[in-house]
Amino acid sequence: MSVSKYFAEQQEPETEDLVDCFINLENDLVSQLKKLNYGPNVEYIYSPLDYAFNLHKIFLKKFLLTNKKVLFLGINPGPWGMCQTGIPFGEVNIVRSYLQVDGKVLTPKNYHPQRPITGLNCHRSEVSGKRLWDLFIELSEGNPYKFFKNCFIHNYFPLALMNKSAKNITPGDLKSEYQKKLQEICDKSLSDIVTLLHTDTIVAIGKYAEKRSNEVVKKYKLNNIKVVQIPHPSPRSVGTAEKWKNETLNQLKSYHILQLFK
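All values reported here derive from a predicted model rather than from experimental measurement. (Residues numbered from 1 in each chain as written. Predicted model: local features only at pLDDT ≥ 70, side-chain atom pairs only at ≥ 80, totals over all residues. Heavy atoms only, no water.)

1. With respect to the overall build of the protein
At step 1: Scanning the protein for helices and strands turns up eleven helices and seven strands.
At step 2: Its C-alpha atoms give the protein a radius of gyration of 17 Å, within 12% of the compact-globule value 18 Å for 262 residues.
At step 3: With the principal axes as the frame, the protein shows a C-alpha extent of 45 × 40 × 35 Å.
At step 4: Looking at the protein as a whole, 55% of its 262 residues qualify as buried.
At step 5: Residue pairs in contact within the protein that sit at least 24 positions apart in sequence constitute 80% of those at least 6 positions apart.
At step 6: Approximately 12400 Å² of the protein is accessible, and the part contributed by carbon and sulfur atoms is 47%.
At step 7: Here the protein holds 35 positive side-chain charges and 26 negative ones, and the gap between their average locations is 4 Å. (Helix = DSSP H or I, 4+ residues; strand = E, 2+ residues; numbered from the N terminus. Rg over C-alpha atoms; globule rule 2.2 N^0.38 Å. Buried < 20%, exposed > 50% of the residue type's maximum accessible area, 1.4 Å probe, protein only. Contact = heavy atoms within 4.5 Å. Areas by Shrake-Rupley, 256 points an atom, 1.4 Å probe, with all protein chains shown as cover. Lys, Arg positive; Asp, Glu negative; His and termini not counted. Charge placed at Lys NZ, Arg CZ, Asp CG, Glu CD.)

Structure (structure tokens):
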């Protein structure tokens with residue numbers, strides 16, 4: 001089913017149609033982004049929605065069962081999270097134990113030797129992913145279906161960019177001339193995603209995600225969607241895990257999102 005036809009006909013979604021349309025939007029996004037020039041500093045481009053597609057699709061089929069009131073929005077894949085698993089903030093141990101998703105991950109053709117892709121065999125832990133998912137595990141009492149009943153998670157920009165020394169380059173790190181086209185493509189995709197999922201609230205993970213979400217709501221006149229922000233779980237952003245957790249819980253509580261987990 002085409003995305004436009006799905007939008008036109010949707011009442012209560014069929015899971016397969018919802019997943020297929022979601023994948024179509026992701027594939028179109030990745031296809032457009034691969035054609036862009038990201039500047040001379042970008043030496044490596046990882047596309048986990050390609051080489052980790054098998055694992056990603058299993059994740060979608062398991063948890064994208066219905067429309068989602070809340071969309072948690074990250075920025076782009078981390079080297080030890082989504083780059084390994086194809087799942088946003090997908091810390092390997094949590095993907096195995098909490099989400100209980102298993103699948104094959106291919107090796108990309110071009111990768112930095114300091115950032116190899118080993119999928120679920122990766123022994124490194126992504127701190128940001130662990131902090132975020134540990135909170136979701138606590139709120140859902142260890143049952144992922146309680147989280148995914150009303151919520152989903154997605155990244156604004158699904159590629160990972162690195163320089164020749166393997167340093168992660170986020171969209172916000174790029175010069176404005178390279179950001180403009182990227183944002184045009186990703187903004188449209190985010191608009192389509194929240195429309196597809198009938199999202200009421202975007203929970204932006206960090207300031208960049210908040211800025212882009214607000215721009216999308218304004219640009220595409222999505223006046224029914226509220227944008228709220230929680231701090232990014234990176235240690236560079238807030239500091240200790242406890243401080244990040246307390247600030248995030250306060251934000252989720254003030255916007256009445258915590259009640260969705262009960």
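2. Quick notes on the confidence of the model for the protein
At step 1: With 94% of its residues at a pLDDT of 70 or more, the protein shows a mean pLDDT of 93.
At step 2: In this model residues 6–13 is a low-confidence stretch, pLDDT under 50, and it forms 15 contacts with partners more than four residues away in sequence or in other chains. (pLDDT = per-residue confidence, 0-100.)

3. Quick word on the sheet that holds strand β5 (residues 168–169)
At step 1: Taken in spatial order, the three strands line up as β1-β4-β5 in an open sheet, and their pairing is antiparallel. With partners counted over all chains shown, the strands left at the sheet margins are β1 (44–46) and β5, one partner each.
At step 2: When β1 meets strand β4 (residues 160–162), the two strands line up antiparallel, connected through three bridges. Looking at β4, one finds that Tyr46 is bridged to Ala160. (Pairing = 2+ DSSP bridges.)

4. Focus on the packing of helix α7 (residues 127–139) against helix α11 (residues 241–254)
The description of two helices packed together rests on the angle between their axes and the distance between the axes.
At step 1: Packing of α7 against α11 leaves a shortest axis separation of 11 Å and a crossing angle of 55°. Comparing their axes, α11 and α7 come out oblique. The hand of the α7/α11 crossing is right-handed. Mapping the contact onto sequence places Arg131, Leu132, Leu135, Glu138 and Leu139 in α7 and Ala241, Trp244, Lys245, Thr248, Leu249 and Leu252 in α11.
At step 2: In the contact of α7 with α11, the residues fall into seven nonpolar, one polar and three charged. (Axes fitted to C-alpha atoms, helices over the stretch in contact; angles between N-to-C directions. Parallel < 35°, antiparallel > 145°, perpendicular 65-115°, else oblique. Left-handed = near helix turned anticlockwise from the far one by under 90°. Nonpolar A, V, L, I, M, F, W, Y, C, P; charged D, E, K, R; others polar.)

5. Regarding the side chain of His232
At step 1: Along the chain, His232 turns up in the loop between β7 (226–230) and α11.
At step 2: Of note is the side chain of His232, whose polar atom sits 3.1 Å from the backbone nitrogen of Ser234. (Polar contact = N/O pair within 3.5 Å; in protein donor to acceptor, adjacent residues only side chain to side chain.)

6. Quick notes on the nonpolar core
At step 1: Judged by nonpolar contacts, the single largest core of 89 residues is most densely connected at Tyr38, Phe59, Phe72, Leu99 and Trp133.
At step 2: Apart from the residues lying within four places of it in its own chain, the contact partners of Trp133 are Pro88, Phe89, Gly90, Ile94, Tyr98, Leu99, Phe147, Phe148 and Ile153. (Core = buried A, V, L, I, M, F, W, Y, C linked by side-chain atoms within 4.5 Å.)

7. Focus on the environment of Lys180
At step 1: With respect to the secondary-structure elements, Lys180 resides in helix α9 (residues 176–197).
At step 2: Residue class for Lys180 comes out exposed when judged on its relative accessible area of 65%.

8. Let's talk about unusual backbone geometry
At step 1: Non-glycine residue Glu141 carries a positive phi angle of around 55°.
At step 2: Mapped onto the secondary structure, Glu141 falls in the loop between α7 and α8 (144–148).
At step 3: The phi dihedral of His256 is positive, around 60°, even though this residue is not glycine.
At step 4: Here His256 lies in the segment after α11.

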